Amino acid sequence: MASLLLSTSPSHLYNISPRHGIPFLHSIPALKPFKRPNFSPVLSHPKLATHVVYHRTIAKSSSIGSRETEDPISDESPLGEDSAAFQLSAQKLSSWVYFTVILGSVLFALNVLWIDPSTGFGTAFVDSISSISGSPEVTMLLLMAIFATVHSGLASLRDPGEKLIGKRAFRVLFSGISLPLATSTVVYFINHRYDGTQLWQIQTVPGLHELVWLSSFVSFFFLYPSTFNLLEVAAVDEPKMHLWETGIMRITRHPQMVGQVIWCLAHTLWIGNTVAISASVGLILHHLFGVWNGDRRLAIRYGKSFEVIKKRTSVIPFAAILDGRQELPTDYYKEFLRLPYVAITILTLGAYFAHPLMQSSSYNLHW
């Protein structure tokens, strides 16, 4: 073919007319100028309209906020991650050995440095807060305020903190400060939950115990999906800020807040005094702030992708489903038939039956 082309004269290739000396372009059908199609009728139709956004793909080697590519995606496309996904085949035995060693080391350090009255600082910390006011309600609120400020403050500093010291080191710092404060707050609540002024006493009402138990049980299924990534929690795997979209996220975008509100209402109804109310107020306010702060941080990290997910989810449970912004898959139940939810069920039942052990351990601390 190459030799044929090289041996063929240009006049033969182009069929040049001896009269005009130009190719017979008139033998080729004239091309009509391109006319941009009118999509207005389609876009105006409520069922056919598709809002297109630009999805920001973050390069693994780039800094936070830098963009590798921008691809147009429909707001019907899945953008977030599959929450509570767990593949046994992807697990490494060595990772879980590290997790066990790290967990044991953290609990040992927590006991020596904070819980044990003879060696730890926990007793001195709780005594100093209690000395501010003789009111258990005030002490409860102060403990909650300190924990909330430190916990949310460190969460807000996550991006610059990870850049400065690394993701794993920042997770260790975050947990090392938050865990002792959370322990003090929980122990103080257990020890003083029946102090204060009794406002109502309805524990003998038939069915109330079952209602409180069921509400508390359900509240644990609203755990934030990141809790399922235990290897990331312990910094065995590199911690990440996830953009979840499936499972409980279809019901509410902030499941931890919803679960905490359910738990607080159930326990306040059962206990019925001012200490329970103060604890519930502190917890609910902290989690309501977490709704705003969490959305803010995800918007900074994921940009337009988060805005799309935000539009098709809701903070109030089931609101996005009821108004049509979220359509549940036909096999939606499969997003809960996973090992992490089995583990949550076992741990929740275990925590219920371990209540006497938890109470006796708290009483021994005299916080």
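Everything numeric in this text was worked out from a predicted model, so none of it was measured.

Peer 1: Any chance you could break down the environment of H242 for me, citing the residues and the numbers?
Peer 2: By secondary structure assignment, the location of H242 is in the loop between helix 10 (230-233) and helix 11 (255-271). In this structure H242 comes out as buried when scored by relative accessible area, which is 6%. Along the sequence, H242 and D82 sit 160 residues apart, while their C-alpha atoms lie 9.8 Å from each other. The contacts of H242, once residues within four sequence positions are left out, are E81, Y224, S226, N229, E232, L298 and Y302. A polar atom in the side chain of H242 sits 2.9 Å from the side chain of E81. Side chain to side chain, H242 and E232 meet in a polar contact 3.0 Å long.

Peer 1: Report on the packing of aromatic side chains, specifying residues and quantitative values.
Peer 2: Scanning the entire structure with this criterion turns up 12 aromatic pairs. Both rings, one in F221 and one in Y341, keep their centres 6.2 Å apart while their planes meet at 5°; by these two values the pair is stacked. Here the residue F221 occupies a position in the loop between helix 9 (208-219) and helix 10, and Y341 occupies one in helix 15 (residues 339-353), the gap between them amounting to 120 residues. Assessed through its relative accessible area of 4%, Y341 is described here as buried. On the numbers, 5.6 Å between centres and 45° between planes, the contact of F289 with W292 is tilted. With a gap of three residues between them, F289 and W292 both fall in helix 12 (residues 274-302), about one helical turn apart. Given a relative accessible area of 37%, F289 falls into the partly exposed group. On the basis of relative accessible area, W292 is assigned to the exposed category, the value being 53%.

Peer 1: I'd love a proper account of the nonpolar core, names of residues and values included.
Peer 2: Ranked by size, the top nonpolar core spans 24 residues in total, and within it F125, M140 and W367 carry the most contacts. Those elements giving two or more residues to this core turn out to be helix 4 (93-115), helix 5 (122-130), helix 6 (136-156), helix 8 (167-192), helix 9, helix 11 and helix 12. Apart from the residues lying within four places of it in its own chain, the contact partners of M140 are T185, Y188, F189, V275, S278 and A279. Counting residues in hydrophobic clusters, the runner-up holds 15 residues, among them A84, F222, M249 and M257.

Peer 1: Give me the pattern of salt bridges: which residues, what numbers.
Peer 2: According to the stated counting rule, one finds eight salt bridges in the structure shown. In this structure, the salt-bridge partner of R338 is D82, at a minimum N-O distance of 2.7 Å. One end of the pair, R338, is in the loop between helix 14 (319-322) and helix 15; the other, D82, is in the loop between strand 2 (69-74) and helix 4, and 256 residues separate them in sequence. Since its relative accessible area comes to 35%, D82 is described here as partly exposed. Among the salt bridges present, the one from E245 reaches R312, with a minimum N-O distance of 2.6 Å. Note that E245 is positioned in the loop between helix 10 and helix 11 and R312 in the loop between helix 13 (304-311) and helix 14, a separation of 67 residues in sequence. Pair check on accessibility: E245 and R312 agree, each one buried.

Peer 1: I'd love a proper account of the UniProt feature "transmembrane region" (unreviewed entry) in the chain, names of residues and values included.
Peer 2: In this numbering, the UniProt entry assigns the feature "transmembrane region" (unreviewed entry) to residues 96-115, 138-157, 169-191, 211-236 and 339-358. Between the end C-alpha atoms of residues 138-157 there is a gap of 28 Å, over a span that is 95% helix and 0% strand. Between the end C-alpha atoms of residues 339-358 there is a gap of 26 Å, over a span that is 95% helix and 0% strand.

Peer 1: Can you break down the side chain of T183 residue by residue, with the values?
Peer 2: For T183, the position within the fold is in helix 8. In terms of polar contacts, T183 uses its side chain to reach the backbone carbonyl oxygen of L179, at 2.8 Å. For T183, the contacting residues outside a window of four places in its chain are L110, I115 and W367.

Conventions adopted
- Residues numbered from 1 in each chain as written.
- Predicted model: local features only at pLDDT ≥ 70, side-chain atom pairs only at ≥ 80, totals over all residues.
- Heavy atoms only, no water.
- Helix = DSSP H or I, 4+ residues; strand = E, 2+ residues; numbered from the N terminus.
- Buried < 20%, exposed > 50% of the residue type's maximum accessible area, 1.4 Å probe, protein only.
- Contact = heavy atoms within 4.5 Å.
- Polar contact = N/O pair within 3.5 Å; in protein donor to acceptor, adjacent residues only side chain to side chain.
- Phe/Tyr/Trp six-rings, centres within 6.5 Å; stacked < 30°, edge-to-face > 60°.
- Core = buried A, V, L, I, M, F, W, Y, C linked by side-chain atoms within 4.5 Å.
- Salt bridge = Lys/Arg side-chain N within 4 Å of Asp/Glu carboxyl O.
- UniProt positions renumbered as here; feature names shortened; annotations may be inferred.

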